[in-house]
Structure formats: C-alpha cells, structure tokens
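Listed below are the residues making up each chain.
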Amino acid sequence: MALIRPTAATDSASRTGLGRAVALLVLVGLGALVPLLGPPVAAHGTGQSTASDSGAVALLRAALFAALSVQAGELFVTGLARRVPKAPPERPGGWAPYAAVVGFAATAAAGELAPHGHGSRTGVLALVEAVAFAVAGLCALSHRPSRQAWPLAAVVLAEALRAHPPAEHSALIGSGLTVAHLTCSALWAGGLLTVLRTLRRWQGARAGAALLGLYARVAAVLFAAVTATGLLSSLRRMPSGSVLGLLTTTAYGRVLLAKVLVVGAVALLALWARTRLRRSPDPLAACSPARVEVVALGVAVAVSGLLTAVPLPVKG
C-alpha cells in the first residue's frame, strides 16, 4: 500500500490551524486574568472591600456567559444560514457540546462558592443552571440540536433570578431587564463568532457575504437592546443623583465605566465592518474588523463577569 505523503498545502494548513489554536488559548488566558484579578484592582482606593473569592466568582460568571454565548450563537446562525440562498452545506464543527461542559463546570463550582453552598437560594439556582447546561449539551449531540433553546432559556432565567433576589426593590423588573440583556448579548457575541467560523468554512463563497449581511442587520437591533437594557439595569443599581461621581469612586462604577468603553469600541468596530460590507467591492473585507470585534466582545464578556463580583454602591 502506497504511503500518502503530506503536501506543502497540507503542511501550511496544519501550521495555520496550530497557530490559530495557540492564539486562541493565549487570548482566553489573558481574558481570564480580567475577572480573576479585577476585583481588588477595581476596589483599590475606594474604601470598599471585596470577598476573598470574588476573583474566582467573577471568572466563573465570565465562563458561564461565554458558554451561553457560544451555544446561543450557534443556534442563531444556524437559523440565519437557512435563509441564505444557495448556501453551501458545509458547517463548522460544533462547539456547543464543549461550551455546555464549561457552563456546567462553571455553574456547579459557583454553587459551591455561594454562601451555605447548594442549600442557599443562590446555590439552588446555580444547580438549576448546571442541570440546564447538561441537558443543552445532550441536545447539542442529538439529532435535533435546536432543542438546546429550552435549557438555555432556563439558564438565562435562573441567572436573572440570581442577580435580583426577592428582597431587592422591584426585583421582577430587574430580572426582566437581565433576561433581555443576557439573551441579546449572547446572540450578538456568539452569533458573530459562529458567522466568522462559517465564512472560513465556506471559503469565500458568495453566500458568505449574504450571511454576514443578515447577521449585521439583526446585530444592529441586538446592540440597541443590549445598550438600552444595560443602561436601565445600571441606573437601577446606582444611587440617583450621583451616578457620574460613582463611576470613578466605587468598584462597581469603575467596572461599569470599563464595560461602557469596551462596548463603545465594539460599536465602532461593528460600524467599520458594516461600512466595508456596504461599500467595499469585496463584502467579505468586513471580516477583518469583525475579527477584532469578536476579541473585543470577549473582553466585554470578561468584564461582565467581573461586574457581577464587585460590591454594589450603597444607596442612601
């Protein structure tokens, strides 16, 4: 039997794939430092103290948000791809099962770190999230991966209830805002990641520009919803009349300000990509700023995890 020798193209593709994997691991490692080391940095000089496990909690929340985004994004883009005329049948390998494992581990660990463990309200909700991620992972491996939508919705709802305990004023409104904010954020970030992976799989096919255009139109609505719900949620948590001052004198305000700046950078990158998509002779030229946008969205996810672990401003 003749031996099959790798060609130069195969070697080049292998090196490219290895380089991308290494770059991804480096970016994930750097991104993990934001929530892990962020709480004491954000609270420095404010007179506020952070819990000893706040860095771990922030990292676990960021992992939860990232896992949710990957799974929701794959479902979202699968639906968009069906609307693209003459779309190639190829699809990128699914990351949803791996994301489900990450989400399960993060939520289970977060439940252990909760006061009184899984016996507390926070611990019970973390357990619900862990079970939901496990079910979503099984759905991703089944013949009907679209069923992931239901357990993922349970994750979003449980996270919204955790973030707004019953003792909080108008907790139901806060939970509703969180549901909308988290859902739109996951579709926006995870959708762009999956779109770019699909375009690489389609290798410059014309359908790629159509898919990117479909995503861009929906992403504009998602961005507006994320901005509105994020603004309302933040204003609810900040004492009225002193918001601007608290942005630099409290840990929550500083992290919130950092998130606003990151999301603003993401918006500029999205605008740049949309301009290229409309005006460039090659619409796929929009992929370059879109790749940077994915990285910036990853930073936004890390900062979001950090935002859940720092103390809230005290309302007078």
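Keep in mind that what you see is a predicted model, and the values were worked out from it rather than measured.

With that settled, consider the overall build of the protein chain. Helix and strand counts for the protein chain come out as 10 helices and zero strands. Since a compact globule built from 316 residues should have a radius of gyration of about 20 Å, the 21 Å found for the protein chain is in line with a globular shape. Once the C-alpha set of the protein chain is aligned to its principal axes, its extents read approximately 75 × 45 × 35 Å. Evaluated residue by residue, the protein chain yields a buried proportion of 44% over its 316 residues. For the protein chain, restricting intrachain contacts to residue pairs at least 6 apart in sequence, the fraction spanning at least 24 positions comes to 74%. For the protein chain, the accessible surface area stands at approximately 16600 Å², while carbon and sulfur atoms represent 70% of it. On the protein chain, the mean spot of the 27 positive side-chain charges and the mean spot of the 10 negative ones are 9 Å from each other.

Relative to the helices and strands, V28 is located in helix α1 (residues 8-43). Between the C-alpha atom of V28 and that of A302, which follows or precedes it by 274 residues, the distance is 9.7 Å.

For the structure shown, the criterion picks out four salt bridges. R197 is the partner of E74 in a salt bridge, and the nearest nitrogen-oxygen pair spans 3.8 Å. Taken together, the residues E74 in helix α2 (residues 54-81) and R197 in helix α6 (residues 171-202) connect sequence positions 123 residues apart. Comparing E74 with R197, the two get one shared label, buried. A salt bridge links E159 to R162, with the nearest nitrogen and oxygen atoms 2.9 Å apart. Here the residue E159 and the residue R162 both occupy positions in helix α5 (residues 149-163), the gap between them amounting to three residues, near one helical turn.

To continue, consider the nonpolar core. One recurring pattern in soluble globular proteins is that nonpolar side chains are buried together. By size, the foremost hydrophobic cluster in this structure holds 37 residues, and its most contacted members are W188, L192, L199, L211, L212 and Y215. Only α2, α6, α7 (206-237), α9 (251-279) and α10 (287-307) provide two or more residues apiece to this core. It is α7 that contributes the most residues to this core, 10 residues altogether. If sequence neighbours within four positions are ignored, Y215 has contacts with F76, L80, L187, W188, G191, L192 and V195. One finds L64, F65, A67 and L182 within the second-largest nonpolar core, a separate group that totals 16 residues.

Parameters at a glance
- Residues numbered from 1 in each chain as written.
- Predicted model: local features only at pLDDT ≥ 70, side-chain atom pairs only at ≥ 80, totals over all residues.
- Heavy atoms only, no water.
- Helix = DSSP H or I, 4+ residues; strand = E, 2+ residues; numbered from the N terminus.
- Rg over C-alpha atoms; globule rule 2.2 N^0.38 Å.
- Buried < 20%, exposed > 50% of the residue type's maximum accessible area, 1.4 Å probe, protein only.
- Contact = heavy atoms within 4.5 Å.
- Areas by Shrake-Rupley, 256 points an atom, 1.4 Å probe, with all protein chains shown as cover.
- Lys, Arg positive; Asp, Glu negative; His and termini not counted.
- Charge placed at Lys NZ, Arg CZ, Asp CG, Glu CD.
- Salt bridge = Lys/Arg side-chain N within 4 Å of Asp/Glu carboxyl O.
- Core = buried A, V, L, I, M, F, W, Y, C linked by side-chain atoms within 4.5 Å.

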